[in-house]
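For reference, the chains in residue letters:
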Amino acid sequence: RVAQRLAFGLLYACMIMVALPVLLIVVLMVVKGLGGLNLDLFLRGSQALLPSIIGTICLVTLTGVICAPLGIAAAVYLSEYARKGPLVRLVRLSIVNLAGVPSVVYGLFGLALFVMLMKFGRSLVAGSATLALLVLPLVVSASEEALRQVPQRLRDASMGLGATRWQTVRRVVLPNALPGIITGLILAISRAAGETAPILFTAAFFSLTDPYPNSVFDPVLALPYQLFVMSTEMPDVPIENKWATALVLVVVVLGLNLGAIIYRARLRRRHRW
C-alpha cells in the first residue's frame, strides 16, 4: 500500500507539473489578450484576423482530408493484413522516427516537392499536403492502436458467419475503432493548426490583395504565421493585439477539437462492446 500510494503520488505530481504551466499560459493569454479583442481587430486593417481564421480552418480541413485516408489505410494494412517480419518492423520504426522530425524539415521538404517540383507554388494545397505529411505518423500510430483495441472475438464472429476479411474490417473493425481513430485525428488537427514552419515555406502570406482563397491553388493567410510576423517583425503593433491573436488561435484550435470530441462521444455511445 505504501508503494502504491507513493506511485500514485508521483503520478499526480507529474500531472500537476504538466497541467499547471498550460493553465498559467492560458490565464496569461486571457488576461493580456482580452483587452485587445474588438471588432476592428477582426475586420479592419492589414492585421485583420477574420481572413486568417478562415485560412487556418481551410488549411486544417484540407490537411485532415489528405492525411485521414492515407493514415487509416496504412494502419489497416499494418494491423489487419501485414505479416510480422523485418519489413513491417522497419516500417513501424520509420513511422516512429518520422514523428520526431522537426517541423522545419517538413517545411523544406514541402517547399522542394510541392512548391518547386510539382509547381503548386505557395498555395493552400501545398501547405496542407506538407502539414499532412507532418501529422501522418501520428494518425497512423493512433489508428493502428485503435484497431488493436477491437476485441478479436468480433473478428472471429464475423469470419465465422462467412464474411470476408475486407467485409470484417469495413463493417466490424473500423466502426468499433472509429472513436480511437478520431482521437488521433484530433491530436493531428491540434498540431497542424499551430504549426508555423511548414506553412512559412509553402502556403502562408502576411498580406494578400484577395485575403480569401478561391481555390486550393491560392495562397492563404494563417493565424500562426500572422502571429509569428507580428511578434518578430512588427515592433509597432500593440502588445495586446499580439496576445489577442494568440488567444484567438487557441480558441480556434479548441473549437475544432471540441467539434471532433463531440462527434467521437456520439460514436462511442453507438459502438460499445
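Below, the structure is looked at part by part.

Rules used in this analysis
Residues numbered from 1 in each chain as written. Predicted model: local features only at pLDDT ≥ 70, side-chain atom pairs only at ≥ 80, totals over all residues. Heavy atoms only, no water. Helix = DSSP H or I, 4+ residues; strand = E, 2+ residues; numbered from the N terminus. Buried < 20%, exposed > 50% of the residue type's maximum accessible area, 1.4 Å probe, protein only. Contact = heavy atoms within 4.5 Å. Areas by Shrake-Rupley, 256 points an atom, 1.4 Å probe, with all protein chains shown as cover. Lys, Arg positive; Asp, Glu negative; His and termini not counted. Charge placed at Lys NZ, Arg CZ, Asp CG, Glu CD. Axes fitted to C-alpha atoms, helices over the stretch in contact; angles between N-to-C directions. Parallel < 35°, antiparallel > 145°, perpendicular 65-115°, else oblique. Nonpolar A, V, L, I, M, F, W, Y, C, P; charged D, E, K, R; others polar. Salt bridge = Lys/Arg side-chain N within 4 Å of Asp/Glu carboxyl O. Left-handed = near helix turned anticlockwise from the far one by under 90°. Phe/Tyr/Trp six-rings, centres within 6.5 Å; stacked < 30°, edge-to-face > 60°. Lys NZ or Arg CZ within 6 Å of the ring centre and 35° of its normal. Disulfide = S-S within 2.5 Å. Core = buried A, V, L, I, M, F, W, Y, C linked by side-chain atoms within 4.5 Å.

1. Comments concerning the overall build of the protein chain
Logical step 1: Helix and strand counts for the protein chain stand at 11 helices and zero strands.
Logical step 2: Helices (α) and strands (β) of the protein chain occur, in sequence order from the N terminus, as α-α-α-α-α-α-α-α-α-α-α.
Logical step 3: Per-residue burial over the protein chain gives 40% buried out of 273 residues.
Logical step 4: A fraction of 77% describes how many contacts in the protein chain between residues 6 or more apart in sequence connect residues 24 or more apart.
Logical step 5: Taken as a whole, the protein chain presents about 15400 Å² of accessible surface, with 69% of it coming from carbon and sulfur.
Logical step 6: Charged side chains of the protein chain number 24 positive and 11 negative; the gap between the two group centres comes to 17 Å.

2. What to know about the packing of helix H3 (residues 49-81) against helix H10 (residues 223-232)
Logical step 1: One can describe the packing of H3 onto H10 by two numbers: an axis separation of 8 Å at closest approach and a directional angle of 135°. Considering the angle they form, H3 stands oblique to H10. Contacts from Leu49, Ser52, Ile53 and Thr56 in H3 reach Leu223, Pro224 and Gln226 in H10.
Logical step 2: Split into classes, the residues belonging to the contact of H3 with H10 amount to four nonpolar, three polar and no charged.

3. Quick look at the pattern of salt bridges
Logical step 1: What the rule picks out here adds up to five salt bridges.
Logical step 2: The partner of Arg155 in a salt bridge is Glu80, and the shortest N-O contact between them spans 2.8 Å. Highlighted residues: Arg155 in helix H7 (residues 152-160) and Glu80 in helix H3, separated in sequence by 75 residues.
Logical step 3: The closest approach of N and O atoms between Glu195 and Arg191, which form a salt bridge, is 3.3 Å.
Logical step 4: Given a relative accessible area of 30%, Arg191 falls into the partly exposed group.
Logical step 5: Among the charged side chains, a salt-bridge network with shared partners connects Arg92, Glu144, Glu145 and Arg148.

4. Focus: the packing of helix H4 (residues 86-99) against helix H6 (residues 124-148)
Logical step 1: Remark: H4 packs on H6, axes separated minimally by 8 Å, with the N-to-C direction vectors making an angle of 130°. If you check the angle between H4 and H6, you find them oblique. As H4 runs across H6, the sense of the crossing is left-handed. Facing H4, whose interface residues are Arg92, Ile95, Leu98 and Ala99, H6 presents Pro137, Val140, Ser141, Glu144 and Arg148.
Logical step 2: Its residues placed into classes, the contact of H4 with H6 shows five nonpolar, one polar and three charged.

5. Focus: the environment of Gln149
Logical step 1: For Gln149, the location among the structural elements is in the loop between H6 and H7.
Logical step 2: For the pair formed by Gln149 and Gly180, sequence separation is 31 residues and the distance between their alpha carbons is 8.8 Å.

6. Observations regarding the packing of aromatic side chains
Logical step 1: According to the stated counting rule, one finds two aromatic pairs in the structure shown.
Logical step 2: Across the ring face of Phe205, the terminal group of Arg122 is positioned such that the distance to the ring centre comes to 4.0 Å.

7. A few points about the state of the cysteines
Think of a disulfide as a covalent bridge from one cysteine sulfur atom to another cysteine sulfur atom.
Logical step 1: Within the structure shown, the criterion is met by zero disulfides.
Logical step 2: Of all cysteine sulfurs in the structure, the one in Cys58 sits closest to Cys67, which takes part in no disulfide; the separation is 16 Å.

8. Side note on the nonpolar core
Logical step 1: If you look at the biggest cluster of nonpolar residues, it comprises 36 residues, and the most contacted ones within it are Leu59, Leu147, Leu174, Ile181 and Ile199.
Logical step 2: Elements supplying a minimum of two residues to this core: H3, H6, helix H8 (165-194) and H10.
Logical step 3: In terms of residues, this core owes the most to one element, H6, which gives nine residues.
Logical step 4: Leave out the neighbours within four places in its chain, and Ile199 touches Leu59, Leu131, Ala204, Ala222, Pro224 and Tyr225.
Logical step 5: Judged by nonpolar contacts, the second largest core, of 11 residues, contains Leu41, Ile53, Leu223 and Ala244.

9. Focus: the side chain of Thr130
Logical step 1: Assignment of secondary structure puts Thr130 in helix H6.
Logical step 2: Here Thr130 falls in the buried class, since its relative accessible area comes to 1%.
Logical step 3: Each residue touching Thr130, except ones within four places of it in the same chain, is listed here: Tyr106, Gly107, Gly110, Phe114, Pro198 and Thr202.

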